[in-house]
Amino acid sequence: MIILPKVQTLKPKSEPRNFFIWGSPMTGKSYFASYFPNPLILNTDGNSKQGSAPSIQLRNIRNEKGRLSQSVIKQLDEIITALQVENPKRPADQQFKTIVVDVIDDICVMIEQAICLDAGVQALSDIPYGKGYAMFNTALQQFVMDLKALPMNVIYISRELSITDENNGVTAYEPSLKTKYYNVVNGNCDVVIRTKKIGDGQNASYFREVKALRTMYDPANITDHRILQLLESCSGMFKKEDLEKLQQKKESK
Ligand SMILES: Nc1ncnc2c1ncn2[C@@H]1O[C@H](COP(=O)(O)OP(=O)(O)OP(=O)(O)O)[C@@H](O)[C@H]1O
Ligand SMILES: [Mg+2]
């Protein structure tokens, strides 16, 4: 029989594990993500060869009849299984500790494409009774939940969309992931970071700002030194007092 927990107020030592990074091209999204501990990049845009981290290229492959010979849904499933089963058996220094989904927008499109190709239709709406959409949501949610259940850091990368209000000329920037998918992915994220670049070419400076936080994180609770350093480089991640306190503690040691 299940034992219910006691009624009490817990004080969780919270540490962020799931990240969402968005920004316009070449602002350092992949660059930032690749500095997390032992990263594995799930790549969609084929520019992973320019990065220094190991990667798996995701794609739907069709045979000569135009049918699917490799579905991205199956590929994702196999990757998750390998991460659950094979990864923990590896020697500690060979274990992946971070999964980078670069970029999640494309994965959504690929899942959609896989379902359509499999059903021999042009669009999800061509599959009767809304079954196409249902299959899509299941596949995406399953993927996000499986990733979250892994004992690893998960980073979702998305591109940027700029929308200019024609009435007042004000431009707003947001992740290009469609809102309904954004909610699925982001419901499972702890920190949302936007990357920005100022200046061009050799004079470029790279910035990261925190857009949303699940709770107020205390830098003293971040166990991994590398992640702490990375998060410290994002403006708005920690309270200034907390960082000063941590610094004093270090100095007194
Ligand atoms: N913090 C940084 N310091 C120095 N150089 C950086 C930094 N961030 C990014 N760069 C440089 O900018 C280049 C582009 O960065 P990156 O590939 O991460 O961009 P991206 O946002 O992933 O772009 P895309 O959307 O095209 O994939 C990198 O090759 C790297 O040399
Ligand atoms: Mg990139």
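Before reading further, recall that the structure is shown in the block above.
This section reports on the structure supplied with the text. (Residues numbered from 1 in each chain as written. Chains lettered and ligands numbered in written order. Predicted model: local features only at pLDDT ≥ 70, side-chain atom pairs only at ≥ 80, totals over all residues.)

Some thoughts on the overall build of the protein
Right, on to step 1. Assigned secondary structure in the protein consists of 7 helices and 11 strands.
Right, on to step 2. The buried share of the protein, taken over its 253 residues, is 29%.
Right, on to step 3. Of the contacts formed within the protein by residues at least 6 apart in sequence, a portion of 63% connects residues at least 24 apart. (Helix = DSSP H or I, 4+ residues; strand = E, 2+ residues; numbered from the N terminus. Buried ≥ 20, exposed ≤ 12 C-beta atoms within 10 Å, placed from the backbone. Contact = placed C-beta atoms within 7 Å.)

As for the pairing of strand β7 (residues 153–158)
Right, on to step 1. Of all 6 residues making up β7, 6 are buried, and the element is well covered by its neighbours.
Right, on to step 2. Where burial is concerned, the two faces of β7 agree: the one with Asn-153, Ile-155 and Ile-157 and the one with Val-154, Tyr-156 and Ser-158 are both buried.
Right, on to step 3. Here 5 bridges tie strand β1 (residues 18–23) to β7, and the two strands are oriented parallel to one another. Within the sheet, the bridge partner assigned to Asn-18 lies in β7 and is Val-154. (Pairing = 2+ DSSP bridges.)

A word on unusual backbone geometry
Right, on to step 1. Here the amide bond leading from Asp-102 into Val-103 is cis, since omega sits at 0°, within 30 degrees of zero.
Right, on to step 2. Topologically, Val-103 is positioned in the loop between β6 (98–102) and α3 (104–119).
Right, on to step 3. Residues other than glycine seldom take positive phi values, yet Asn-38 does so here, at roughly 30°.
Right, on to step 4. Assignment of secondary structure puts Asn-38 in the loop between α1 (29–33) and β2 (39–43).
Right, on to step 5. In this structure Asn-38 comes out as partly exposed when scored by C-beta crowding, with 18 C-beta atoms within 10 Å.

Digging into the site of ligand 1
Right, on to step 1. Around ligand 1, the structure places 11 residues, and the nearest of them are Gly-28, Lys-29, Ser-30, Tyr-31 and Tyr-206.
Right, on to step 2. No other element matches α1, which puts 3 residues into the shell around ligand 1.
Right, on to step 3. Here the shell around ligand 1 is built from residues that sort into 4 nonpolar, 6 polar and 1 charged. (Near = placed C-beta within 6 Å. Nonpolar A, V, L, I, M, F, W, Y, C, P; charged D, E, K, R; others polar.)

Observations concerning the environment of Asp-242
Right, on to step 1. As for its position among the elements, Asp-242 is in helix α7 (residues 240–252).
Right, on to step 2. Take Asp-242: there are 16 C-beta atoms within 10 Å of it, and that puts it in the partly exposed class.
Right, on to step 3. In this structure the C-alpha to C-alpha distance between Asp-242 and Pro-219, which are 23 residues apart in sequence, comes to 6.7 Å.
Right, on to step 4. When sequence neighbours within four positions are dropped, the list of residues in contact with Asp-242 reads Asp-218, Pro-219 and Ala-220.

A look at the nonpolar core
Right, on to step 1. Counting residues in hydrophobic clusters, the biggest one holds 52 residues, and the most contacted among them are Ile-111 and Ile-155.
Right, on to step 2. Here the element with the most residues in this core is α3; it accounts for 7 residues. (Core = buried A, V, L, I, M, F, W, Y, C linked by C-beta atoms within 7 Å.)

Some details on the environment of Arg-214
Right, on to step 1. Structurally, Arg-214 can be placed in the loop between β11 (205–213) and α6 (225–232).
Right, on to step 2. For the pair formed by Arg-214 and Val-192, sequence separation is 22 residues and the distance between their alpha carbons is 9.0 Å.

Remarks on α7
Right, on to step 1. Over its 13 residues, α7 runs 18 Å from end to end, which matches the ideal 18 Å to within 8%, given 1.5 Å per residue.
Right, on to step 2. Within α7, only 0 of the 13 residues are buried, which leaves it mostly out in the open. (Expected span 1.5 Å × (residues − 1).)

Considering helix α4 (residues 131–149)
Right, on to step 1. End to end, α4 covers 27 Å across 19 residues, agreeing with the expected 27 Å (1.5 Å per residue, within 8%).
Right, on to step 2. Looking at α4, one finds that the buried residues are Phe-136, Ala-139, Leu-140, Phe-143, Val-144 and Leu-147. Around the axis of α4, the buried residues are gathered within 120° of arc, so they sit on the same side. Facing away from the buried side of α4, by more than 90 degrees, are the exposed residues Lys-131, Met-145 and Ala-149.
Right, on to step 3. Buried residues belonging to α4 abut α2 (72–85), β6, α3, β7 and α5 (179–186). (Arc of directions from axis to C-beta.)

Structural notes on the packing of α3 against α4
Right, on to step 1. One way to put it is that α3 packs onto α4 with a least axis distance of 10 Å and a crossing angle of 135°. As summarised for this structure, α3 and α4 are arranged oblique, according to the angle between their axes. Of the two possible hands of crossing, α3 and α4 adopt the one that is right-handed. Of the residues in α4, those touching α3 at Cys-108, Ile-111, Glu-112, Ile-115 and Ala-119 are Gly-132, Met-135, Phe-136, Ala-139 and Leu-140. (Axes fitted to C-alpha atoms, helices over the stretch in contact; angles between N-to-C directions. Parallel < 35°, antiparallel > 145°, perpendicular 65-115°, else oblique. Left-handed = near helix turned anticlockwise from the far one by under 90°.)

Comments concerning the sheet that holds strand β10 (residues 191–198)
Right, on to step 1. Read from one edge to the other, the open sheet built from 7 strands follows the order β3-β2-β6-β7-β1-β10-β11, with strand pairing classed as mixed. Each edge of the open sheet carries a strand with a single partner, namely β3 (55–57) and β11. The mean inter-strand angle of the sheet, taken between neighbouring strand axes irrespective of direction, is 20°.

Things to note about the pairing of strand β8 (residues 160–164)
Right, on to step 1. Burial within β8 is sparse, with just 0 of its 5 residues counted as buried.
Right, on to step 2. A loop of 6 residues connects β8 with strand β9 (residues 171–175), the two strands running antiparallel in sequence, and Gly-169 in this loop sits at a positive phi of about 75°.

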